[in-house]
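# Close look at the chain arrangement
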Amino acid sequence: MIIQKWTAKIAPLRLGEFIEALKALNALYRQHGRVEWGRVHHELYGGHVIWMEREFPDIASLDADESRAQEPDIREAKKRLLDAVVPGTVEISHYQTRGV
């Protein structure tokens with residue numbers, strides 16, 4: 001399993017705006033057959049950090065999903081999402097899980 005993790009700092013008092021933009025982005029992801037951001041975490045007492053995760057069965061599925069990232073309506077929704085974060089704080093990571 002491949003996990004994509006997106007981390008950023010939320011601008012003060014903009015969490016609600018971020019969540020609404022994320023809901024709109026996930027709706028567009030559904031329309032375009034993309035994998036939604038399924039888990040969203042917000043750090044309560046540590047500096048307004050938010051992170052989101054989504055899962056893929058393999059790297060080929062992640063690559064296929066990302067190939068649709070340039071759709072104009074998706075790009076516009078991502079811009080709204082980024083308006084609620086502190087510039088320069090977005091970080092995207094990828095992890096592979098293994099059962100032991």
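These lines cover the structure that appears in this document, whether it is placed above or below. (Residues numbered from 1 in each chain as written. Predicted model: local features only at pLDDT ≥ 70, side-chain atom pairs only at ≥ 80, totals over all residues. Heavy atoms only, no water.)

Let's shift gears to the sheet that holds strand β1 (residues 2–9). One open sheet holds the 4 strands; their spatial order is β2-β3-β1-β4, and the pairing between them is antiparallel. Edge positions in the sheet fall to β2 (39–42) and β4 (91–96), since each of these pairs with one other strand and no more. Pairwise comparison of adjacent strand axes, ignoring direction, gives a mean angle of 20° for this sheet. Here 4 bridges tie β2 to strand β3 (residues 49–56), and the two strands are oriented antiparallel to one another. Opposite arginine 39, over in β3, you have glutamate 53 as the bridge partner. The strands touched by helix α1 (residues 15–31) within the sheet are β1, β2 and β3, with β3 carrying the most contacts at an inclination of about 15°. (Pairing = 2+ DSSP bridges. Helix = DSSP H or I, 4+ residues; strand = E, 2+ residues; numbered from the N terminus. Axes fitted to C-alpha atoms, helices over the stretch in contact; angles between N-to-C directions. Contact = heavy atoms within 4.5 Å.)

A positive phi is found at leucine 13, a non-glycine position, where the angle reads about 65°. Structurally, leucine 13 can be placed in the loop between β1 and α1. Judged by relative accessible area, leucine 13 falls into the exposed class, the value being 88%. (Buried < 20%, exposed > 50% of the residue type's maximum accessible area, 1.4 Å probe, protein only.)

Our focus in this paragraph is helix α3 (residues 72–82). Those residues of α3 that sit buried are Ile74, Ala77 and Leu81. Viewed end-on, α3 has its buried residues packed into an arc of 65°, placing them on one side of the element. (Arc of directions from axis to C-beta.)

Time to look at the pattern of salt bridges. By the definition in use, this model includes 10 salt bridges. For the salt bridge of lysine 23 with glutamate 20, the shortest nitrogen-to-oxygen distance reads 3.6 Å. With lysine 23 and glutamate 20 both in helix α1 and 3 residues apart, the pair spans about one turn of that helix. Taking relative accessible area as the criterion, glutamate 20 reaches 44% and is therefore assigned partly exposed. A salt bridge links aspartate 65 to arginine 68; its shortest N-O distance comes to 3.7 Å. Accessibility expressed as a relative area gives 2% for aspartate 65, which makes it buried. Through salt bridges with shared partners, a single ionic network connects Arg34, Arg54, Asp65, Glu66 and Arg68. (Salt bridge = Lys/Arg side-chain N within 4 Å of Asp/Glu carboxyl O.)

Core analysis: the largest hydrophobic core is formed by 17 residues, its most contacted members being Trp6, Phe18, Leu25, Trp37, Met52 and Leu81. Secondary structure elements with two or more residues in this core: β1, α1, β3 and α3. Element by element, the count of residues in this core is highest for α1, at 6 residues. Residues within four places of methionine 52 in sequence aside, it is in contact with Gln4, Lys5, Trp6, Phe18, Leu22, Trp37, Arg39, Val40 and Leu81. (Core = buried A, V, L, I, M, F, W, Y, C linked by side-chain atoms within 4.5 Å.)

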